[in-house]
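What the coordinates show
Residue strings, one per chain:
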Amino acid sequence: MPHCIVEHSASLDGELILPLVFLGAMTSALFKADGSDIKVRSIAYQCYLTGQATSDFVHVVLKILSGRTPAQKQMLSRSVLAQLQTLEIPRCSLTVEVVDIERASYSKWVSGS
C-alpha cells in the first residue's frame, strides 16, 4: 500500500521517473504481486535551491504501513534508488526515504465504480 511521492526539479520528466519508482517498489516484493496497491505520484518544482548552485534532483518519499523491519525498509529504499540510477542524469541528486504510517491512525476508503 505504499504511497510513493516523487519530488523533482521541473526540468526532469516525471513521466520517466514514475515507472522507475513503481518498478523499484515492485522489485522489493513487499507489496501485492500485481502492484495494485502501489500508488506513485510526482510534484515538479520550478523554484528550489540545491546549495549555492541549481542542479537537478529527485527525492522519493515512500510512505508505508508500520511493521516492516529496518532491513526491509533499507532494501526498499535501495531498490527504488537503483531504478532511479538508470536515468543517468548528469549533476543530479537522487535520494529516497522510507516513512512509516502508523497503522492505528491510518484510515482508507475506496469507492465502488
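Anyway, here's the lowdown on the structure attached to this text. These figures come from a predicted structure and were not determined experimentally. (Residues numbered from 1 in each chain as written. Predicted model: local features only at pLDDT ≥ 70, side-chain atom pairs only at ≥ 80, totals over all residues. Heavy atoms only, no water.)

1. Side note on the pairing of strand 3 (residues 56-65)
Most of strand 3 sits inside the fold, with nine of its 10 residues counted as buried. Relative to strand 3, strand 1 (residues 3-9) runs antiparallel, the two being bridged by six bridges. Of the residues in strand 3, the one forming a bridge with His 8 is Val 58. In terms of strand pairing, strand 3 meets strand 4 (residues 92-101) through 10 bridges, oriented parallel. Directly across from His 59, in strand 4, lies its bridge partner Thr 95. Handedness of the crossover is the feature at issue here: the chain leaves strand 3, passes through helix 2 (residues 70-85), returns alongside strand 4, and the resulting connection is right-handed. (Buried < 20%, exposed > 50% of the residue type's maximum accessible area, 1.4 Å probe, protein only. Helix = DSSP H or I, 4+ residues; strand = E, 2+ residues; numbered from the N terminus. Pairing = 2+ DSSP bridges. Right-handed = clockwise from strand over helix to strand, strands pointing away.)

2. As for the packing of aromatic side chains
Under the defined criterion, the tally for this structure stands at two aromatic pairs. Note on Tyr 48 and Phe 57: the rings are 5.0 Å apart at their centroids and 70° apart in plane angle, and the pair reads as edge-to-face. Exposure remark for Phe 57: the relative accessible area of 14% places this residue in the buried category. Taken together, the aromatic side chains of Tyr 45, Tyr 48 and Phe 57 make up a single cluster linked through ring pairs. (Phe/Tyr/Trp six-rings, centres within 6.5 Å; stacked < 30°, edge-to-face > 60°.)

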